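So you can see what is in the structure, the chains are spelled out below.
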Amino acid sequence: MLNKSIIAVSALLMAIVSGCDSAPGGRSGDSSFAALQDRGRMAMGVDQYSSSHVFDVTADGGRVSLQRDSADSVGVAQIRAHMRLIQHAFEAGDFSTPAFVHAREMPGAAVMAKKRDAITYTYQDLPRGGAVVITTQDSAARAAIAEFMKAQRGDHHSGGMDHGRQ
């Protein structure tokens, strides 16, 4: 029993030191979500608990946005650099960053990689971060983008809309 208490206190201290907002398991109490958030922090360079992802499905593709929840010029710069790298990686058919963050191949990513010449990725600055807008006229690519966005939204426990798609 004492060992479990020591482990729990150690985990709590690690959460405090690493900047998490709550006890082990992250905000949700879900250890797989906390692990995803930690891998996201490694890949993106910003605390996932103080940033907001949005994954929108649009009539012609989708939009991934990431913003800091408060004014943080260093965090905003890091997000913008990350989102530009994501734009270029996706253009090349490289979806290894989302695979690392999610610890699995993301649904839709294989089709998006295969159809990379039919998809356009455009970076945009946002007030506290950045976005990558994904557009295509290819119906199979649009379906893959929607699948990718919905999986991202679910794993990140984030927001997003499905515009023009059911």
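Just so it is clear, the model here is predicted, and its values are computed rather than measured. Within any chain, residue numbers begin from 1 and follow the written order of that chain's sequence. Only residues with pLDDT of at least 70 get local features here, since the model is predicted, and only at 80 or more are side-chain atom pairs given and counted; chain-wide, interface and lining totals rely on the full set of residues. With hydrogens and water excluded, all non-hydrogen atoms of the structure serve as input to the side-chain values.

(A) A look at the packing of aromatic side chains. In this scheme Phe, Tyr and Trp rings, the latter by its six-membered ring, pair at centre separations within 6.5 Å, and the angle between planes marks the pair as stacked below 30 degrees, edge-to-face above 60, and tilted otherwise. In total, this model carries 5 aromatic pairs according to the counting rule given. A centroid spacing of 5.8 Å and a plane angle of 85 degrees characterise the contact between Phe-90 and Phe-148, whose relative ring orientation is edge-to-face. In this pair, Phe-90 sits in helix α3 (residues 73–91) while Phe-148 sits in helix α6 (residues 139–156), placing the two residues 58 residues apart along the sequence. Taken together through their ring pairs, the aromatic side chains of Phe-90, Phe-95, Tyr-121 and Phe-148 make up a single cluster. Here a strand is any run of E in DSSP of at least two residues, a helix any run of H or I of at least four, and the numbering for each starts at the N terminus.

(B) Geometry of the pairing of strand β1 (residues 51–58). Under the scheme applied here, a residue whose accessible area is under 20% of the maximum for its type counts as buried, over 50% as exposed, and between as partly exposed, the area being computed with a 1.4 Å probe on protein chains only. Within β1, 6 of the 8 residues are buried, which leaves the element mostly enclosed by the surrounding structure. Note: two strands are recorded as paired if DSSP finds a minimum of 2 bridges between them. Here β1 hands over to strand β2 (residues 61–68) after 2 residues, the two strands then running antiparallel side by side.

(C) Inspection of α6 at higher detail. With 18 residues, α6 extends 26 Å between its outermost C-alpha atoms, agreeing within 8% with the 26 Å of an ideal straight helix rising 1.5 Å per residue. Buried within α6 are the following residues: Ala-141, Arg-142, Ala-144, Ile-145, Ala-146, Phe-148, Met-149, Ala-151, Gln-152, Arg-153 and His-156. A side-chain oxygen of the first residue of α6 lies 3.0 Å from the backbone nitrogen of Ala-140; this N-cap is Asp-138. Just downstream of α6 lies His-157, where phi reads positive at about 55 degrees. Any helix carries an expected span of 1.5 Å times its number of residues minus one. We call two N or O atoms a polar contact when they sit within 3.5 Å, provided that within protein one can donate a hydrogen and the other can accept it, with sequence-adjacent residues counted only if both atoms are side-chain atoms.

Honestly, that's just the spatial picture; any functional story needs more than this.
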